[in-house]
Amino acid sequence: MTVINEVATLAVEGEVAVLTLNSPPVNALSAPVRDGLALGVKQAMANTAVKAVVLICEGKTFIAGADISEFGKPPKGTSLFDALNAIEGASIPVVAAIHGTALGGGLEVALTCHYRVAVPSAKCGLPEVKLGLLPGAGGTQRLPRIVGVEKALEMVTSGEHVGAAACAEMGLVDALVDEGKLRDGAIAFARKIVAEKRPLKRVRDMNEKVEAARGKPEIFAAFRKANAKRFRGFQAPESNIKCIEAAVNLPFDEGLKAERKLFMELMTGTQSAAQRYVFFAERAVWKVPDVPEDTQTIPIAKVGVIGAGTMGGGIAMNFLNAGIPVTIVETKQDALDRGLATIRKNYENTAKRGRLTAADVEKRMGMLKGTLALEELADRDLVIEAVFENMDIKKEVFGKLDRIVKQGAILATNTSYLNVDEIASATKRPESVIGWHFFSPANVMQLLELVRGEKSSKPVIATSMQMARKIGKIAALVGVCPGFVGNRMLAQRQREAQKLILEGAMPWDVDRVLYDFGFPMGPFAMSDLAGLDIGWSKEKSSSSTMREILCEMDRRGQKTGAGFYDYDAERNAKPSPVVEKLILEFAAKKGVNRRTISDDEILERCVYPMINEGAKILEEGKAIRSSDIDIVWINGYGWPVYRGGPMFYGDTIGLDKVLAKMKQFEGQMGAEFAPSKLLEKLAGEGRRFQDLK
Ligand code: 3HC
Ligand code: NAI
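Criteria and thresholds
- Residue indices follow the written sequence of each chain, beginning from 1 at its first position.
- Here every chain gets a letter starting at A, and every ligand a number starting at 1, in the order they are written.
- At least 70 in pLDDT is required for a residue's local features to be given in this predicted model, at least 80 for side-chain atom pairs to be given and counted, and no such filter applies to totals for whole chains, interfaces and linings, which use all residues.
- Note that the side-chain values use all heavy atoms of the structure and ignore hydrogens as well as water.
- For helices the rule is a DSSP run of H or I covering at least 4 residues; for strands it is a run of E covering at least 2, with both sets numbered from the N terminus onward.
- Put simply, the radius of gyration uses C-alpha atoms, and a globule should come to 2.2 Å times the residue count raised to 0.38.
- Contacts were defined at the residue level, with two residues in contact if any of their heavy atoms lie within 4.5 Å.
- In these tables, accessible area is a Shrake-Rupley quantity obtained with a 1.4 Å probe, and a residue counts as shielded only by the protein chains included in the view.
- For the purpose of charge, His is not counted, nor are the chain termini; Lys and Arg are scored as positive and Asp and Glu as negative.
- In this description, the location of a charge corresponds to atom NZ of lysine, CZ of arginine, CG of aspartate or CD of glutamate.
- Working definition: residue near molecule or strand if any one of its non-hydrogen atoms lies within 4 Å of it.
- By the criterion applied in these results, polar contacts are pairs of N or O atoms within 3.5 Å in which, for protein atoms, one can donate a hydrogen and the other can accept it, and in which residues neighboring in sequence qualify only through two side-chain atoms.
- For this classification, Asp, Glu, Lys and Arg are treated as charged, while Ala, Val, Leu, Ile, Met, Phe, Trp, Tyr, Cys and Pro are nonpolar and the rest, including Gly, are polar.
- By convention in these notes, a salt bridge is any Lys or Arg side-chain nitrogen within 4 Å of a carboxyl oxygen on Asp or Glu.

### Focus on the overall build of the protein chain
For step 1, the next point in the chain: Looking only at helices and strands, the protein chain has 29 helices and 20 strands in total.
For step 2, the next point in the chain: Over its C-alpha atoms the protein chain spans a radius of gyration of 29 Å, differing by no more than 12% from the 26 Å that the globule rule assigns to 693 residues.
For step 3, the next point in the chain: Excluding contacts between residues fewer than 6 apart, the proportion of contacts in the protein chain whose partners are at least 24 apart in sequence is 72%.
For step 4, the next point in the chain: Carbon and sulfur atoms provide 54% of the accessible area of the protein chain, an area that totals close to 29800 Å².
For step 5, the next point in the chain: The protein chain carries 92 positive and 86 negative side-chain charges, and their two centres are separated by 1 Å.

Structure, rendered in structure tokens:
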């Protein structure tokens, strides 16, 4: 065996040379890996006894892509293009032996190999679009030459990983080899090719499939139209489509140039910077500095949920989906029956859409037990409370749980705003208490805010993180404060939205600006969807806010056909002349002189106070890092991922600009805009939230 460099070795086995890469954790295409590829192939070819090369990786995966952490830094070592040309231009066949995931630049390496074999568990994909990019090393030009235009369009714009069997079916993989026997299988395959004197299959020269789509722009037009909603706001999907068009309409080398140009545009833009930042943020969020990965965890085999309302039902479904039995407790039989029926209905609807079988539905329902007796939670390892948002009730429930549930179990509350420490004080084991703040619908929304109480123990935190992952959530650990991270920042936006419609904007103006910014919907459309009467009481209502006025008129949102908007039978929203009149009257009553409010002001008034509140959250240590706050907003509130979250957005605009605006607003409108100390400090030092360590 010859050592090529610190990550590559070459072993000659008869007529086959095996070039092995070993660059943990994922064999990303760092400079040493690129060097190793180019040098390894060259060295193999220098040996005249060698008739074929197998390219294989150690560790858990084949090359998982370019080294994202190198992006934006000065180039080093062999360029990826030179490495790829060394492979594709080799005078003997190179066979890629794939296990784990061949992603992005990794699949592009495999596409320059002359043949590809894989184990059945392997997956291939071009996930660059998820980083706001496109495959920049020939992937968009080579992939359609093998799989055809339609499949290539889907793969590059979705970024999804495709299983080895499906890859084999579409010709992306030439042969499957036995699981666990990749090296031997690949060597045998290489020997076969040599014996059969098979030609060097260079994907760049395979033109049949791209020529078939030439002169058919309707393929692309239809694809764009069908996916317009999915791609809204994102630049990368369109650039990816343009590259596939180039593959169809231009000679290979011209297509490569077009790909390069579009790649560089994306790479230097803010969207990709945001999406790459989110990639690392999603991984950092799981790390808790004082709770190391080897912290002891508590085995969770049985879960209890208290309250079978909107949240309790959804929470229970998460565990049932993960195969964990749940007992759900209610106070009254009819509430329990309603809750269980809703869960069943949700599963049956999923089954109707073909995403579950009837047997799956029964299996899940079979693991769910409803009861009116809290005592039945005695043997649970984890209990999540989702009763009414009322401190007295929550404390009573936790006092009872303390007496009933076995020691060592985790006692969690799904409270949205209440003080977790006060709830914990109702027990003699506050170390076992933690907040598990799900987002509605709890079985759908990915975010889970884990609220660390003053006394929550490390095993309780570590287990909560582990369980969150197990049920498919993304968890951010936050501290106790009113509304925690997400709702605390949301309150800033809500306040400004309400003020703006008094001062001169209309609800649909505010909604349009935030929709165009990239949110799935604006705050008023959101309120109509959720129901304006959440937390509203007829008895206490005194026409003191627009919401009260609307509820008093029975305009309670989509469910009553009217709220801030008017709705037709299909629930399409239309700006409401009635609401417009009501707002004008209400503003007049309040003595507000309405004025024209620009879209820029709407955006700045809604978003900058959120950034400022995020800074306060950091200052108070209620979030571990600014990127955790961004994760909360992306996964819990639909903040557009291509803007990286509110804190990243603040960094992108420049904290000095955010600060100046906050000061201006403070001067005009008062203390609500007072800048946080951290914002002042960072802006003064010319630093960003991202620079905080
Ligand atoms: N570059 C740099 N670091 C990477 C990386 C990459 N491409 N892919 C993963 N890592 C790092 C992660 O940050 C993580 O580091 P940490 O342990 O310090 O947090 C570590 O590798 C392990 O990653 P995961 O925790 O994600 O491990 P999993 O086993 O869950 O997943 C994976 C493995 C499926 C390979 C996943 O990491 C992944 O999807 N990676 C990104 C793949 C990708 O997007 N490739 C395209 C890159 S862009 C490109 O190739 C451009 C080209 O066209 C020119
Ligand atoms: P809900 O009113 O739909 O459900 C609460 C259920 O708890 C009711 O079915 C009620 O009968 C039951 N209940 C009340 N006291 C009980 C007791 N002592 N024992 C057993 N069951 C009892 O309320 P929802 O919306 O599900 O909220 C529950 C909790 O989740 C609240 O703390 C809320 O703040 C929080 N939350 C709500 C979100 C939402 O969007 N609805 C989002 C995130 C958290």
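### Some details on unusual backbone geometry
For step 1, the next point in the chain: Going from Pro24 to Pro25, the amide bond is cis rather than trans, its omega being 0°.
For step 2, the next point in the chain: Looking at the secondary structure, you find Pro25 in the loop between strand S3 (16-21) and helix H1 (31-46).
For step 3, the next point in the chain: For the bond running from Ser440 to Pro441, omega is -10°, close enough to zero to count as cis.
For step 4, the next point in the chain: Mapping Pro441 onto the fold places it in the loop between strand S16 (433-438) and strand S17 (447-452).
For step 5, the next point in the chain: The backbone phi angle of Asp554 is positive, close to 65°, even though this residue is not glycine.
For step 6, the next point in the chain: When you line up the elements, Asp554 lands in the loop between helix H23 (546-552) and strand S19 (565-567).
For step 7, the next point in the chain: Phi angles above zero are rare outside glycine, and Arg571 is one such case at about 65°.
For step 8, the next point in the chain: Within the secondary structure layout, Arg571 lies in the loop between S19 and strand S20 (573-575).

### Considerations on the site of ligand 1
For step 1, the next point in the chain: The environment of ligand 1 is made up of 25 residues, and the closest members are Ala66, Gly105, Glu108, Glu128 and Lys287.
For step 2, the next point in the chain: A distance of 3.0 Å is found between an oxygen atom of ligand 1 and a backbone nitrogen or oxygen belonging to Gly136.
For step 3, the next point in the chain: Against a free-state accessible area of 990 Å², the protein chains account for coverage of 73% of ligand 1.
For step 4, the next point in the chain: Listed by contribution, the elements that provide at least two residues to the shell around ligand 1 are strand S6 (101-103), helix H3 (105-112) and helix H13 (270-284).
For step 5, the next point in the chain: For the shell around ligand 1, the element with the most residues is H13, which contributes three residues.
For step 6, the next point in the chain: A class-by-class count of the residues in the shell around ligand 1 yields 14 nonpolar, five polar and six charged.

### A few points about the pattern of salt bridges
When their charged atoms lie close together, side chains carrying opposite charge are able to pair.
For step 1, the next point in the chain: As enumerated under the stated definition, the model contains 53 salt bridges in all.
For step 2, the next point in the chain: Two residues, Lys663 and Glu680, come together in a salt bridge whose shortest N-O distance is 3.7 Å. With a gap of 17 residues between them, Lys663 in helix H28 (residues 655-669) and Glu680 in helix H29 (residues 677-685) connect regions that are remote in the sequence.
For step 3, the next point in the chain: By sharing partners, the salt bridges in this structure join Arg495, Glu496, Lys499, Glu503, Arg595, Glu601, Arg605 and Glu672 into a single network.

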